Amino acid sequence: MTRLVIVGGALAGHRAAVHARRIDPELDITVLGAEDELPYQRPPLSKGFLTGDVPENRVRLRGAGEGYRLLTPAPAVGLDLTRSEVVLEGAKEPFDLLVVATGAHPRILGKFPPGDQVIYLRTLKDAIRLRDALGHNRHLTIIGGGFVGAEVAMSARHRGVDVVLVEQSQHLLSRAVGSRVSRIVETHLQDNGVTLALGREVTQEFAGTQRLISDGVTTWSTDLIVIGVGVVPSTEWLDGALPTRDDGGIAVTEFGLVAGFEQIAAVGDVASWYHPLYGRPLRFEHFEVATNQAQHAVETLLGRGNTPYQELPFGWSDQGGLLIQFLGVPQSDLIEEEESAEDGRLFLYRRNERTEGAILLNATDELTAVRERLISTLMS
Ligand SMILES: Cc1cc2nc3c(=O)[nH]c(=O)nc-3n(C[C@H](O)[C@H](O)[C@H](O)COP(=O)(O)OP(=O)(O)OC[C@H]3O[C@@H](n4cnc5c(N)ncnc54)[C@H](O)[C@@H]3O)c2cc1C
């Protein structure tokens with residue numbers, strides 16, 4: 001019987017297992033997860049789970065742990081390519097086919113090691129700690145003005161907590177969106193009582209009965225610190241066994257296979273997929289991309305499809321009353337233009353004459369039409 005091993009027991013790993021089972025009822029499927037949890041989804045962890053609107057049982061993925069053998073906690077510590085085995089502490093897991101779905105983990109700031117009052121939000125356990133801490137702390141400082149930082153800021157305000165958000169760039173979401181969209185998000189947060197400290201970098205922390213953090217000019221007093229300064233693809237355990245690209249992700253072809261390997265795929269946040277519509281490799285940290293890649297890669301591995309992956313990337317961020325949806329690759333270094341929209345607001349991102357991405361703000365009715373338009377532009 002063919003043995004499919006999937007390393008990573010969260011969204012992409014679970015979706016790969018479920019899809020593989022659907023294709024082949026006979027397949028021997030094992031999922032190895034580092035977290036001692038049934039597979040769950042992360043998007044609610046910075047939003048409804050923190051406000052209390054989404055209970056823990058609604059965070060689990062449907063069918064989690066069903067139809068495959070799930071081993072947790074079972075962190076892979078190595079990959080033996082000669083023997084086709086995943087190496088675990090004190091055990092080995094042989095495979096015929098392998099899917100790497102180990103995602104990403106938070107970048108840690110040396111001055112702020114994770115601790116009781118310093119939280120890097122990635123896992124359900126982190127979110128439980130933060131949700132509980134928001135119940136008995138008055139002042140929160142968030143370091144990092146990306147999507148997760150902005151979402152946590154809004155959730156904390158919803159809980160009545162004072163929030164200062166410190167970001168070293170002059171704008172929030174500075175890599176992902178242009179300055180006009182940034183300003184709309186900044187105004188939204190400020191209107192909801194978030195204090196923004198933009199163009200500021202926290203350099204010192206003074207712990208004590210009262211925790212103070214400082215950028216050398218201003219000092220903020222805080223009870224709790226949340227840090228969201230980006231993530232790093234989780235490839236350390238591979239110790240160089242598989243090729244990686246400049247973005248830190250595992251090098252993957254447009255079919256989902258790791259470059260140079262017919263039996264190994266990589267999917268989700270850990271993967272840098274070559275994208276034919278863009279003519280370059282891209283690594284995403286989006287829920288829908290992880291799901292689609294998992295399904296596509298499994299079809300390739302099981303010989304059920306031999307088409308390149310051409311899905312238009314899609315992600316979203318819900319910031320308490322402001323829904324941001326991204327299509328394609330709307331980067332801040334592209335030309336940003338607003339177009340009229342039936343509902344909400346629509347921004348297009350152009351490189352030379354080619355539209356590469358779009359951002360929709362509270363414009364849910366427009367999504368399908370903009371998606372089709374972008375695909376036809378990118379394919380022409
Ligand atoms: C707080 C938060 C909010 C988010 N909100 C949104 C949103 O609103 N919209 C959106 O589109 N996206 C959102 N995302 C991003 C989205 O959740 C990710 O793109 C998605 O989780 C990627 O799934 P993945 O399975 O590739 O990686 P991960 O979710 O990172 O899962 C990888 C799993 O592999 C495990 N693992 C790592 N190393 C090993 C090892 N050596 N052995 C075994 N297991 C290992 C990890 O412990 C983890 O469980 C959010 C992310 C976070 C953290």
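The structure presented is a predicted model; accordingly, all values stated were derived computationally and were not measured.

> What should I look at first to understand the pairing of strand β5 (residues 85-88) in this one?
Consecutive side chains along a regular strand alternate between the two faces of the sheet. With four bridges joining them, strand β4 (residues 76-80) and β5 adopt antiparallel strand pairing. Along β5, the bridge assignment pairs A76 with L88. The turn joining β4 and β5, which pair antiparallel and follow one another in sequence, is formed by four residues; a positive phi near 55 degrees is taken by S84. Pairing of β5 with strand β6 (residues 91-94), which is carried by four bridges, proceeds in the antiparallel orientation.

> Honestly, helix α3 (residues 124-136) in this entry has me stumped. Any pointers?
One full turn of an α-helix is made of 3.6 residues, so residues set three or four places apart face in the same direction. For α3, which comprises 13 residues, the first-to-last C-alpha distance of 19 Å matches the rise-based estimate of 18 Å (1.5 Å per residue) to within 8%. Turning to α3, its buried residues are L124, D126, A127, L130, A133 and L134. At its buried positions, α3 is contacted by α2 (48-51), β9 (118-120), β10 (139-143), α4 (147-158) and β16 (224-227).

> How should the site of the ligand be read in this particular structure?
Lining the immediate environment of the ligand, one finds 32 residues, of which E35, R42, K47, R122 and D269 sit closest. At 2.8 Å, a backbone N or O of A76 approaches a nitrogen atom of the ligand. Between a nitrogen atom of the ligand and a main-chain N or O atom of W316, the distance comes to 2.9 Å. Elements with a minimum of two residues in the shell around the ligand: α1 (11-23), α6 (287-301) and β22 (314-318). In the shell around the ligand, the residues fall into 18 nonpolar, eight polar and six charged. Both of domain 1 (3-105 + 231-301) and domain 2 (108-227) provide at least three residues apiece to the shell around the ligand.

Parameters and conventions
- Chains are numbered independently. Their residues run from 1 in the order of the written sequence.
- Local features are withheld for residues below a pLDDT of 70 in this predicted model, meaning they are given only at 70 or higher, and side-chain atom pairs are given and counted only at 80 or more; totals for whole chains, interfaces and linings count all residues.
- Computation of side-chain values covers all heavy atoms of the structure but excludes hydrogens and water.
- A strand pair is defined by DSSP finding two or more bridges across the two strands.
- Under the scheme used here, helices are H or I runs from DSSP no shorter than 4 residues and strands are E runs no shorter than 2 residues, and both carry numbers assigned from the N terminus.
- How far a helix is expected to stretch is found by multiplying one less than its residue total by 1.5 Å.
- A simple rule labels every residue: compare its accessible area, found with a 1.4 Å probe on the protein chains alone, to the largest value its type can have, and call it buried under 20%, exposed over 50%, or partly exposed in between.
- Throughout, a residue-residue contact means that at least one pair of heavy atoms, one from each residue, lies within 4.5 Å.
- Each residue is tested against the molecule or strand, and it is near if at least one of its non-hydrogen atoms lies within 4 Å.
- Between N or O atoms, a polar contact is any pair within 3.5 Å; within protein, one atom must be a potential hydrogen donor and the other a potential acceptor, and residues adjacent in sequence are included only when both atoms are from side chains.
- Throughout, the ten residues Ala, Val, Leu, Ile, Met, Phe, Trp, Tyr, Cys and Pro are labelled nonpolar, Asp, Glu, Lys and Arg are labelled charged, and all others, Gly among them, are labelled polar.
- Note that the domain bounds reflect an automated or database-derived domain assignment.

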